[in-house]
Amino acid sequence: MFGTIDKSKGLLFVTHDLDHSIRLTLQKMRQEVEGLDENRLLNTPPEDLKRYLVEKYGITPITLQRDQWYADHEDVPVDVRHDPMRWIDDRSRPVMVAGERVEVRIPFEGESELFYAKANTYSLNPPRAVIEKNELVLRYDTPADQPRDIRALVEQTLEEIEQHLGWQRPMINAHNQNLPAAAEQSIHQRRERLLAQSQRAEALGIPIRRRADAPKTYALPTIKRKAVPTLPPATTAQFKPEPALAMELYEHILKVVQDMALVMERSPEAFKAMNEEALRQHFLVQLNGQFEGKATAETFNMGGKTDILLREGDRNVFIAECKFWKGPKAFGEAIDQLLGYATWRDGKTAILVFNRGTETSTVLTGIDAVAKAHGNFKRAVTWPHESGVRYVLHSSGDKNRELVLTVLVFHVPI
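Nothing here was measured: the structure is a model prediction, and the numbers come from that model. (Residues numbered from 1 in each chain as written. Predicted model: local features only at pLDDT ≥ 70, side-chain atom pairs only at ≥ 80, totals over all residues. Heavy atoms only, no water.)

### A few points about the packing of helix H5 (residues 247–266) against helix H7 (residues 276–290)
Contact geometry for H5 and H7: axes closest at 10 Å, N-to-C directions at 130°. When the axes of H5 and H7 are compared, the pair comes out oblique. Crossing angle aside, the handedness with which H5 passes H7 is right-handed. On H7, the residues that touch His 252, Ile 253, Val 256, Val 257, Met 260, Ala 261 and Met 264 of H5 are Leu 279, His 282, Phe 283, Gln 286, Leu 287 and Gln 290. When grouped by side-chain class, the residues that make up the contact of H5 with H7 number nine nonpolar, four polar and no charged. (Axes fitted to C-alpha atoms, helices over the stretch in contact; angles between N-to-C directions. Helix = DSSP H or I, 4+ residues; strand = E, 2+ residues; numbered from the N terminus. Parallel < 35°, antiparallel > 145°, perpendicular 65-115°, else oblique. Left-handed = near helix turned anticlockwise from the far one by under 90°. Contact = heavy atoms within 4.5 Å. Nonpolar A, V, L, I, M, F, W, Y, C, P; charged D, E, K, R; others polar.)

See below:
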C-alpha cells in the first residue's frame, strides 16, 4: 500500500502522502475485484467477498501502548565532533568520548508504515525514531560528562508523534467507513457486467469454450502490512444463473404475512383454538390472493404439515415454516427442517413463530441464541423490527448457497 520507505534517517511522517496512499489502496481493491476469475467471483456470495475486501484493504491506525513501554541502557563511545561547546581542531572525522546509550521502546498496535505517512495536516519539524517490528524505539546517546534529562526528551518526542497520529486518524476513519460501500459497488458492477456478457454469449447460439490459458485460480498478492485474509472458498466451475426471488417481493410477502397477523390480533376469538396447520391455511389464502398462480396451480403451496412453499422448477425460492414457540430446542429443529429443502442459490425463507403466553423478549432472545449458534449460521442482518429478526445461513455442504431467514413472532390468543 505504502510503496518504498526510506528509514535510514529516522524521520517520521514525511516519506509519502497518506491521502495518496489511501487512494492507491482503493485502486488496488478495485483491481483485485477486476482480476478475479469470473466464475470464482460469480460463485462467491457478494457479502462474503465484500467482508474479505474490507478486512484486507481496511487501514488500522497506530495506537501507542504507553503502559507497556520499557528502557535499556549501555556504555558506548559517543561522537562529539558536532558539539559547539567543545574545542575540536578537526570536525571532519569522528571524535569519540565515553558515554551512555539509552533506548526507550514503546510497543504499538496498527500498521507500522503509517509512521512514514504524512497527513493533510503536518509539522515542518517532524519527530525522529526507529521502528523495529511492533516497537517504536527512541535512542539517545549522551557523553558521560554531559548527562541529559532523558525522560523530558522522551515525553516531548512522544507528544509530537501522538500529534501526527491524531492528524492521521480522521483520514483513516473516513477511508474505513467508505470502504464497504466502495467494495460493494466494485463487486456489483463486475457481476452485472459478467452476467450481461454471459447472456449475450448464450444468445449467439454457439457453444462457448473456455480459453486454455484462462486462470483456474486466483493468486493473492503478498501484503506485508498485515496478515492477509483468504478469499472465501468458491469453485471456478462455470457459473450458472439460478432463479431468485427479488428482495422487494420477499419483503412484500412478509408484509402480507404481517397484515394477516394484525387480523388475528383484532379478532382473537376467531383464532383462539386454531393449531399450526389451521393458522397456516389462513396465511396461504392471503398470499395466494396477492400473487397470481401459474396456469391452474396456486402460487403458494403446502409441503408437509406446517410449511408454505413457492417453487421455481424443481427447487424452492421461498419457504415459510409455521411453528408454535416450544422453546429453543424446537426452534433449532425448525431451522434444520428449512435447511432440508432443496433451494436455489439465493433462497428466501421465513419462520412464523406463534407465541402463546411467553414474553416476546424471551422468545426473541432464545431465537437469536439458537440462530447464531447453528452450524450453518453466516451472519446477522440489520432489519429493524420490534418482533422480528433476520439472518443469513448457508445450505448444508455448500457455504456459497445462502438462505435469508426472517423470523417473525406473532401473539396468538390463549
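So, next bit.
### A closer look at the packing of aromatic side chains
Within the structure shown, the criterion is met by nine aromatic pairs. Ring plane angle 20° and centroid distance 5.9 Å describe the contact between Phe 283 and Phe 354, whose orientation is recorded as stacked. One end of the pair, Phe 283, is in helix H7; the other, Phe 354, is in strand S11 (residues 343–355), with 71 residues separating them in the sequence. Connected via pairs of aromatic rings, a cluster forms that spans Phe 283, Phe 324, Phe 354 and Phe 410. Sitting over the face of the ring of Trp 69, Arg 66 holds its NZ or CZ atom 4.6 Å from the ring centroid. Just above the ring of Tyr 122 sits the side chain of Lys 118; from NZ or CZ to the centre is 4.6 Å. (Phe/Tyr/Trp six-rings, centres within 6.5 Å; stacked < 30°, edge-to-face > 60°. Lys NZ or Arg CZ within 6 Å of the ring centre and 35° of its normal.)

### Quick notes on the nonpolar core
Nonpolar side chains tend to gather and get buried jointly when the protein is soluble and globular. Counting 32 residues, the largest nonpolar core has Leu 279, Phe 283, Phe 318, Leu 352, Phe 354 and Phe 410 as the members making the most contacts within it. Secondary structure elements with two or more residues in this core: H5, H7, strand S9 (307–312), strand S10 (315–324), S11 and strand S14 (398–411). Among the elements that make up this core, the one with the highest residue count is H5 (eight residues). The residues contacting Phe 410, other than those within four sequence positions of it, are Val 257, Gln 258, Ala 261, Phe 283, Leu 352, Val 353, Phe 354 and Asn 355. Counting 28 residues, the second largest nonpolar core, distinct from the first, contains Phe 108, Tyr 116, Leu 138 and Ile 150. (Core = buried A, V, L, I, M, F, W, Y, C linked by side-chain atoms within 4.5 Å. Buried < 20%, exposed > 50% of the residue type's maximum accessible area, 1.4 Å probe, protein only.)

### Looking at the environment of Ser 21
Note on placement: Ser 21 falls in helix H1 (residues 18–35). Residues Ser 21 and Leu 114 lie 93 residues apart in sequence; the distance between their C-alpha atoms is 9.9 Å.

### Digging into the confidence of the model for the protein
Here the protein averages 83 in pLDDT, and 86% of its residues register 70 or above. Across the protein, element-level confidence peaks in strand S2 (residues 63–64) with a mean pLDDT of 97 and bottoms out in strand S8 (residues 300–302) with 61. Here residues 1–8 is modelled with pLDDT under 50, and outside its nearest four sequence neighbours on either side it reaches 21 contacts, counting other chains as well. (pLDDT = per-residue confidence, 0-100.)

### Here's the deal with the environment of Glu 132
Within the fold, Glu 132 resides in strand S6 (residues 130–132). Along the primary structure Glu 132 and Arg 105 are separated by 27 residues, whereas in three dimensions their C-alpha atoms are 9.3 Å apart. Setting aside chain neighbours within four positions, we find Glu 132 in contact with Arg 105, Val 137 and Arg 139.

### Let's talk about the pattern of salt bridges
Pairing of side chains with opposite charge becomes possible as their charged atoms draw close. If you walk through the whole model with that rule in mind, you get 30 salt bridges. Between Glu 135 and Arg 105 there is a salt bridge, with the nearest N and O atoms lying 3.0 Å from each other. Taken together, the residues span a long stretch of sequence, with Glu 135 in strand S7 (residues 135–143) and Arg 105 in strand S4 (residues 96–109) at a distance of 30 residues. Neither Glu 135 nor Arg 105 differs from the other in exposure class; each is buried. Asp 398 is the salt-bridge partner of Arg 401, the closest N and O atoms lying 3.8 Å from each other. The buried category is assigned to Arg 401, whose relative accessible area is 17%. Each of Asp 48, Arg 51, Lys 378, Arg 379 and Glu 402 takes part in a single network of salt bridges with overlapping partners. (Salt bridge = Lys/Arg side-chain N within 4 Å of Asp/Glu carboxyl O.)

### So, the side chain of Thr 44
Relative to the elements of secondary structure, Thr 44 occurs in the loop between helix H2 (38–42) and helix H3 (46–57). Here the side chain of Thr 44 touches Arg 40 through a polar contact of 2.7 Å, landing on its backbone oxygen. (Polar contact = N/O pair within 3.5 Å; in protein donor to acceptor, adjacent residues only side chain to side chain.)

### Some points on the pairing of S14
Along S14, 11 of the 14 residues are buried, which leaves the element largely enclosed by surrounding structure. Of the strand pairs in this sheet, S11 and S14 are connected by 10 bridges, and their pairing is parallel. Within S14, the residue paired with Leu 352 across the bridge is Leu 408. As paired elements, strand S13 (residues 388–395) and S14 share eight bridges and run antiparallel to each other. The residue of S14 that forms the bridge with Tyr 391 is Leu 405. (Pairing = 2+ DSSP bridges.)

### Concerning unusual backbone geometry
We note that Phe 13 has phi near 60°; this positive angle belongs to a residue other than glycine. Among the structural elements, Phe 13 can be located in the segment before strand S1 (16–17). Backbone geometry places Lys 133, a non-glycine residue, at a positive phi of 55°. Locating Lys 133 in the fold gives a position in the loop between S6 and S7.

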